[in-house]
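Read off the chains here:
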Amino acid sequence: MPIIKTYRVKATKSASIPFVRAWHLDQPRNNQRSEVIEEVSGWVFTEGQPGPLLIELHVDGERVQSCPPNIPVPKARRAVFGSDDPSPNDITAGFSIGVPLSATSIRLVFVYEYQSVTAAKITASNTFKVQEGLGGYLFLDNDTNKSVDQFTGRITLGTQAREGWEKFFEGLRHLEADGAIAKLMICPANEEVFSDLYPHKRGVSTPVDNVVDLAGPGQLVDHFGALSAEREAAFSKIDTHWSDYGARIGAAVYLQSVGLASFASHLPTSFKDHRRFGDLGGKLTPQQSGTFLVLDPAEHVPPSYSNGIDNHGRIWVYDSTQAPVAETLVLFGDSYSVSLSAILARVFKRVVYVYSAASTNRTVLDHEKPKYVLCQTNQRFVTGAPLVNEDLEAKLSRKLQTVGSIDQPTAAGKNAFYAKLMQHLARNATA
């Protein structure tokens, strides 16, 4: 699999080089994405009569080549000098210099009559965030969560993160004391599920292991075994997330963990293959597609309320009079809960999904007074602990300051509370 790099160019303007009338860098272009750059090319014209100009190429701190501009560039010369050209026959102002394949830092230097000026600095960065395992499975690499270091155990939970998780599990115990059934679900990374296909060996102790050790009895939803048993259907080769079918497996295990296993028969059973690029396949050049088992569109029911916010701060509410469990489930989740919330809505009369990556919020809990609370995050996020009573209103206010006012749908009953909250925050954001 090719490693794609991004080449960034910082060029010195012609006016800032005393002996240069005009110059231009043709290759590479700024922010060019490619495996390698084979050459540094362009043209340069000096002020006044042509002099002994040399082009130097420095690669990773060492000068590797020095040559005069010796390629004809008649169009460039006409564009620079026009009818005032003092030397119309001198058109050899172009240059093209080969670059070693391993180059990561390049400096283009103009040398003229004992003067030396850096004309351009070119740096290459590995932006390739995907690695390929066995069987064509794709995995994250170079991501901000350092998933490779987490999996191999080079990173474990620090003191601050441990203390944060201890406070979080204590918060779940307080919810239980208030009468709710509160659980944490950590959705596994695809490298955990397909560890035998992953290019790296799992560490003895990893951040997710540390979190599991901190959890109290019965606080975790243990769905890893069920997902692993049907891993090809539960995940895809080209995405980090579970499929809708994987979310159904997670939902069934959750129901079992809260004593509602008999209601798993109400979960959707019809799924279809859907081809997409995914969040891994879409990063490749060219993009690579794969199949997902998605919920049959005929079985999909949209939320009865949405606050119009994408990702963090999103609030979706599902109301179902046909659901067999006449209780409210509040789901504090992340992107995995997009499908999980819709699937659990087939069982619970009311499902309130708040995108918070497992952080709880007192305002929502006080309003809903749910019997069931499920906090969902994913394996890569566990190096930072979720918060107890996160300030959701402040998060929504920041979002509204960025996206502006969002029209709220007509909402009645309990959903009107969220619409009014959004309208209030929107007025304050634009005040």
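Refer to the structure printed above.
Residues numbered from 1 in each chain as written. Predicted model: local features only at pLDDT ≥ 70, side-chain atom pairs only at ≥ 80, totals over all residues. Heavy atoms only, no water.

**Description of the overall build of the chain**
Logical step 1: Regarding its fold elements, the chain presents 13 helices and 20 strands.
Logical step 2: A globule of 431 residues ought to have a C-alpha radius of gyration of about 22 Å, yet the chain, at 29 Å, is considerably larger.
Logical step 3: By principal-axis analysis of the C-alpha atoms, the chain measures approximately 90 × 55 × 45 Å.
Logical step 4: A burial count over the chain gives 49% of its 431 residues as buried.
Logical step 5: Considering only intrachain contacts with a sequence separation of at least 6, the fraction spanning at least 24 residues in the chain is 69%.
Logical step 6: When the accessible surface of the chain is totalled, it reaches about 20,400 Å², and 50% of it is carbon and sulfur. (Helix = DSSP H or I, 4+ residues; strand = E, 2+ residues; numbered from the N terminus. Rg over C-alpha atoms; globule rule 2.2 N^0.38 Å. Buried < 20%, exposed > 50% of the residue type's maximum accessible area, 1.4 Å probe, protein only. Contact = heavy atoms within 4.5 Å. Areas by Shrake-Rupley, 256 points an atom, 1.4 Å probe, with all protein chains shown as cover.)

**So, helix 5 (residues 207–214)**
Logical step 1: Looking only at helix 5, the buried set comprises P207, V208, D209, N210 and V211.
Logical step 2: Check the buried side of helix 5 and you find it contacts helix 2 (147–152), helix 3 (159–177), strand 13 (181–187) and helix 4 (190–193).

**Notes on the sheet that holds strand 4 (residues 39–46)**
Logical step 1: In space, the four strands of this open sheet follow the order 2-4-8-7, with antiparallel pairing throughout. Each edge of the open sheet is held by one strand with a lone partner, namely strand 2 (20–27) and strand 7 (71–72).
Logical step 2: In this sheet, strand 8 (residues 92–98) lies alongside strand 7 in antiparallel orientation, the contact comprising two bridges. Along strand 8, the bridge assignment pairs P72 with T92. (Pairing = 2+ DSSP bridges.)

**Things to note about the sheet that holds strand 16 (residues 305–306)**
Logical step 1: Here six strands make up an open sheet; going across it, the order is 13-20-18-19-17-16 and the pairing mixed. Two strands close off the open sheet at either side, each with one partner strand: strand 13 and strand 16.

**Structural notes on helix 1 (residues 74–81)**
Logical step 1: For helix 1, every residue scored as buried is listed here: A76, R77, V80 and F81. Buried residues of helix 1, seen end-on, are gathered within an arc of 110° and therefore sit on one face of the element. Exposed positions of helix 1 whose direction lies more than 90 degrees from the buried face are K75, R78 and A79.
Logical step 2: In this structure, the buried residues of helix 1 make contact with strand 2 and strand 4.
Logical step 3: Looking one or two residues beyond helix 1, the residue adopting positive phi is G82, at roughly 60°. (Arc of directions from axis to C-beta.)

**Structural notes on unusual backbone geometry**
Logical step 1: Along the chain, Q27 connects to P28 via a cis peptide bond; the corresponding omega equals -5°.
Logical step 2: Inspection of the secondary structure puts P28 in the loop between strand 2 and strand 3 (32–34).
Logical step 3: A positive phi angle is found at N311, which is not glycine, with a value near 55°.
Logical step 4: Position of N311 among the secondary structure elements: in the loop between strand 16 and strand 17 (315–319).
Logical step 5: For A358, which is not a glycine, the phi torsion comes out positive at approximately 85°.
Logical step 6: Looking at the element boundaries, A358 is found in the loop between strand 19 (348–355) and helix 11 (362–368).
Logical step 7: The exposure class of A358 is buried, given its relative accessible area of 0%.

**Quick look at the nonpolar core**
Logical step 1: If you look at the biggest cluster of nonpolar residues, it comprises 43 residues, and the most contacted ones within it are W242, Y254, L255, L344, F348 and L374.
Logical step 2: Of all the secondary-structure elements, those providing two or more residues to this core are helix 2, strand 13, helix 8 (244–257), strand 17, strand 18 (325–333), helix 10 (337–344), strand 19 and strand 20 (372–378).
Logical step 3: Ranked by residues supplied to this core, first place goes to helix 8 with six residues.
Logical step 4: Filtering out sequence-adjacent residues up to four positions away, L374 remains in contact with K183, L184, M185, V221, Y254, L329, V330, L331, F332, L340 and L344.
Logical step 5: Counting residues in hydrophobic clusters, the runner-up holds 37 residues, among them L157, V211, V330 and C375. (Core = buried A, V, L, I, M, F, W, Y, C linked by side-chain atoms within 4.5 Å.)

**Some points on the pairing of strand 8**
Logical step 1: Direction of pairing for strand 4 relative to strand 8: antiparallel, over a ladder of five bridges. Note that in strand 8 the partner of W43 across the bridge is G94.

**Remarks on the packing of helix 8 against helix 10**
Logical step 1: Where helix 8 contacts helix 10, the axes come no closer than 9 Å and their chain directions differ by 55°. Regarding the angle of helix 8 to helix 10, the classification is oblique. The element helix 8 and its partner helix 10 pack so that their crossing is right-handed. Only S339, L340, I343 and L344 of helix 10 make contact with helix 8, whose side of the interface consists of D244, A247, R248, A251, Y254 and L255.
Logical step 2: Among the residues making up the contact of helix 8 with helix 10, the classes are represented as seven nonpolar, one polar and two charged. (Axes fitted to C-alpha atoms, helices over the stretch in contact; angles between N-to-C directions. Parallel < 35°, antiparallel > 145°, perpendicular 65-115°, else oblique. Left-handed = near helix turned anticlockwise from the far one by under 90°. Nonpolar A, V, L, I, M, F, W, Y, C, P; charged D, E, K, R; others polar.)

**A closer look at the packing of aromatic side chains**
Logical step 1: On inspection of all chains with the given rule, the structure shows 18 aromatic pairs.
Logical step 2: Here the aromatic rings of W43 and F45 are separated by 5.5 Å at their centres, their planes lie at 50°, and the arrangement is tilted. In this structure, W43 and F45 share a single accessibility class: buried.
Logical step 3: Members of the aromatic cluster, each reached through a chain of ring pairs, are W23, F95 and F110.
Logical step 4: R276 extends its terminal NZ or CZ atom over the ring of F292, reaching a point 4.4 Å from the ring centre.
Logical step 5: A cation sits over an aromatic face here: R314 above W316, 4.7 Å from the ring centre. (Phe/Tyr/Trp six-rings, centres within 6.5 Å; stacked < 30°, edge-to-face > 60°. Lys NZ or Arg CZ within 6 Å of the ring centre and 35° of its normal.)

**Considering the pattern of salt bridges**
Logical step 1: Overall, the coordinates contain 15 salt bridges when judged by the stated rule.
Logical step 2: A salt bridge links R231 to E232, with the nearest nitrogen and oxygen atoms 3.4 Å apart. (Salt bridge = Lys/Arg side-chain N within 4 Å of Asp/Glu carboxyl O.)

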